[in-house]
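# Fold and geometry: a report
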Amino acid sequence: MRNFLLLMGFALVCLPSCVRATEAFPYTLQWKRLIGDPLRGAVGLGDSAVFVGGGDGRLLAVHRRDGTRLWQRRGYGPIRRMPAATGAELIFADAWGRLVSLEARGGEVGWEAQRLGWGDAEVAVGDSAVYASSADGWLYALRRVDGSQIWRARIGTRAVSRPCLDGDRLYVGTRDGQLLALAMDTGARLGQVEMRGRTVGGPLVVEGKLTIVWSKAEASVRTAVFELELLFATSK
């Protein structure tokens, strides 16, 4: 399994190596490529490509095998959240409020949509819709085919995590410590839990349980697990 890292202006691709447990970095370098602005950018993985968004508004696609440049696009706002690559399609958000769908192989624009406000956004892709949680306090659902809006739901504060899709629901964590459940088709709020801290990881659904990592302070990180069948009633 390949491991992708951003470090000091380079995209690094590493493979696991046979090392002793006492060694600090158990990987060997496969390739590296100078990309310019990684510390404020984001990386997305496709079937055969790595997509690197930059704080300068560039989006670069390189081959997963050897780092060869495939294409590059410019003219966007800062891209600080991971692009979502789904087969032939790449969808991402920039900090200027745009959501963009590109053809993954060549980078041609499929559609663009504009959010109500600026700020970073996390994108999740469903079968027929794209869902974006955003710094502007809204959650968006767009048609995957053309980017037209299906619904938007006011969640009242900045959403800091990528929406988690599960069945006919989606879950999202907010900056003020709310874990929200919404109907995927309408955006109606189905439930919420007060986490009393900022979401720093997840939510993630596995085998009927939702896991979220949250923090009340930098030195205090906690994990909560909820039984979905009990509508968030049980946590550990």
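As the structure is a prediction and not an experimental result, all values here were calculated from the model.

Detailed reading of predicted coordinates is not advised where the pLDDT is low. Looking at the protein chain as a whole, the pLDDT averages 79, with 75% of positions reaching at least 70. Scored below 50 in pLDDT, residues 1-10 makes 39 contacts in the model with residues more than four places away or belonging to other chains. Of the regions scoring below 50 in pLDDT, residues 231-236 engages in 17 contacts with residues more than four places distant in sequence or in other chains.

This part covers the sheet that holds strand S8 (residues 84-86). The strand order across the open sheet built from four strands is S8-S9-S10-S11, with neighbouring strands paired in antiparallel fashion. Here the strands that pair on one side only, and so sit at the sheet edges, are S8 and strand S11 (109-114). Averaged over all adjacent pairs, the angle separating strand axes in this sheet is 15°, with direction ignored. Judged from the three bridges that link them, S8 and strand S9 (residues 89-93) form a sheet pairing that is antiparallel. Paired with alanine 84 across the bridge in S9 is isoleucine 91.

What counts, and at which threshold
Residues numbered from 1 in each chain as written. Predicted model: local features only at pLDDT ≥ 70, side-chain atom pairs only at ≥ 80, totals over all residues. Heavy atoms only, no water. pLDDT = per-residue confidence, 0-100. Contact = heavy atoms within 4.5 Å. Pairing = 2+ DSSP bridges. Helix = DSSP H or I, 4+ residues; strand = E, 2+ residues; numbered from the N terminus. Axes fitted to C-alpha atoms, helices over the stretch in contact; angles between N-to-C directions.

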